[in-house]
Structure formats: C-alpha cells, structure tokens
Amino acid sequence: MNRRMTPLAFVLSLPIRLYRLLFSPWVGHGCRFHPTCSAYIMEALRKHGGIKGTALSVRRVARCHPWGGSGIDNVPDE
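This one's a predicted model, so the numbers in the text were calculated from it and none came from an experiment. (Residues numbered from 1 in each chain as written. Predicted model: local features only at pLDDT ≥ 70, side-chain atom pairs only at ≥ 80, totals over all residues. Heavy atoms only, no water.)

It is worth spelling out the overall build of the chain at this point. Looking only at helices and strands, the chain has three helices and two strands in total. Scaling as 2.2 N^0.38, a compact globule of 78 residues should have a C-alpha radius of gyration of about 12 Å, and the chain matches this with 12 Å. Expressed along its principal axes, the backbone C-alpha trace of the chain runs to roughly 35 × 30 × 20 Å. Expressed as a percentage of contacts within the chain between residues at least 6 apart in sequence, the contacts between residues at least 24 apart total 70%. As presented, the chain carries roughly 5600 Å² of accessible surface, and 64% of it is formed by carbon and sulfur atoms. If the 11 positive side-chain charges of the chain are averaged to one point and the 4 negative ones to another, these points end up 6 Å apart. (Helix = DSSP H or I, 4+ residues; strand = E, 2+ residues; numbered from the N terminus. Rg over C-alpha atoms; globule rule 2.2 N^0.38 Å. Contact = heavy atoms within 4.5 Å. Areas by Shrake-Rupley, 256 points an atom, 1.4 Å probe, with all protein chains shown as cover. Lys, Arg positive; Asp, Glu negative; His and termini not counted. Charge placed at Lys NZ, Arg CZ, Asp CG, Glu CD.)

Tracing the backbone shows Arg60 in helix H3 (residues 37–62). A relative accessible area of 0% places Arg60 in the buried class. When neighbours within four sequence positions are excluded, Arg60 is seen to be in contact with Phe33, His34, Pro35, Thr36, Cys37, Tyr40 and Asp73. (Buried < 20%, exposed > 50% of the residue type's maximum accessible area, 1.4 Å probe, protein only.)

Turning our attention to the environment of Ser13. Of note, Ser13 is situated in helix H1 (residues 7–22). Sequence separation of Ser13 and Thr54 is 41 residues, and the distance between their C-alpha atoms is 9.5 Å. In contact with Ser13, not counting residues within four places along its chain, are Met5, Met42 and Leu45.

Tallied over the entire structure, the rule returns zero aromatic pairs. Cation over ring: Arg63 sits above Phe33, and NZ or CZ is 5.9 Å from the ring centre. (Phe/Tyr/Trp six-rings, centres within 6.5 Å; stacked < 30°, edge-to-face > 60°. Lys NZ or Arg CZ within 6 Å of the ring centre and 35° of its normal.)

Enumeration over the complete set of coordinates arrives at four salt bridges. For Asp73, the salt bridge goes to Arg60, with nearest N and O atoms at 3.6 Å. A residue pair is termed long-range when its members are at least 10 positions apart, and Asp73 in the segment after strand E2 (71–72) and Arg60 in helix H3 qualify at 13 residues. Summarising the burial analysis for this pair, Asp73 and Arg60 share the class buried. For Arg63, the salt bridge is made with Asp73, and the minimal N-O distance between the two is 2.2 Å. (Salt bridge = Lys/Arg side-chain N within 4 Å of Asp/Glu carboxyl O.)

Shown next as structure tokens:
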C-alpha cells in the first residue's frame with residue numbers, strides 16, 4: 001500500500017532525504033541490514049507517522065553497531 005506521509009513525518013524525513021541525496025553515494029553500501037537504515041526510516045515514517053515512526057527508527061539505528069545483528073529487518077505492520 002503506497003501511503004502518504006503525515007505532515008510531521010514529512011518534516012522528519014527531510015534530513016534523511018538530504019542524507020540520501022548528498023552523503024549516501026559517498027558512504028558506500030556496507031549496510032548490515034536489509035532494507036538499509038535510511039530506507040527503513042522512510043518506510044517507518046510512511047507507515048506509522050512521525051512519532052511512532054521516529055521511535056522505530058531510533059530503535060533500528062541503535063542496533064546498527066559492530067556487535068549488533070544483521071539480516072532482514074522489515075518495518076512492522078500497523
């Protein structure tokens with residue numbers, strides 16, 4: 001389902017869009033999860049709105065460290 005973002009989610013997604021446009025091509029593609037953190041954040045904001053989407057995003061980014069997991073980590077459904 002292609003859902004539109006809430007206004008708060010859209011504003012919160014702007015730094016991620018900027019990162020994807022400017023920095024992502026230079027950082028490389030060594031992500032340990034699928035989808036990547038930026039794709040996960042965009043999907044979480046779209047599915048769950050600004051508040052819950054941000055909470056899910058912070059939780060995901062906190063797991064992205066050398067001793068963290070890897071593999072497929074999809075955004076939970078509503």
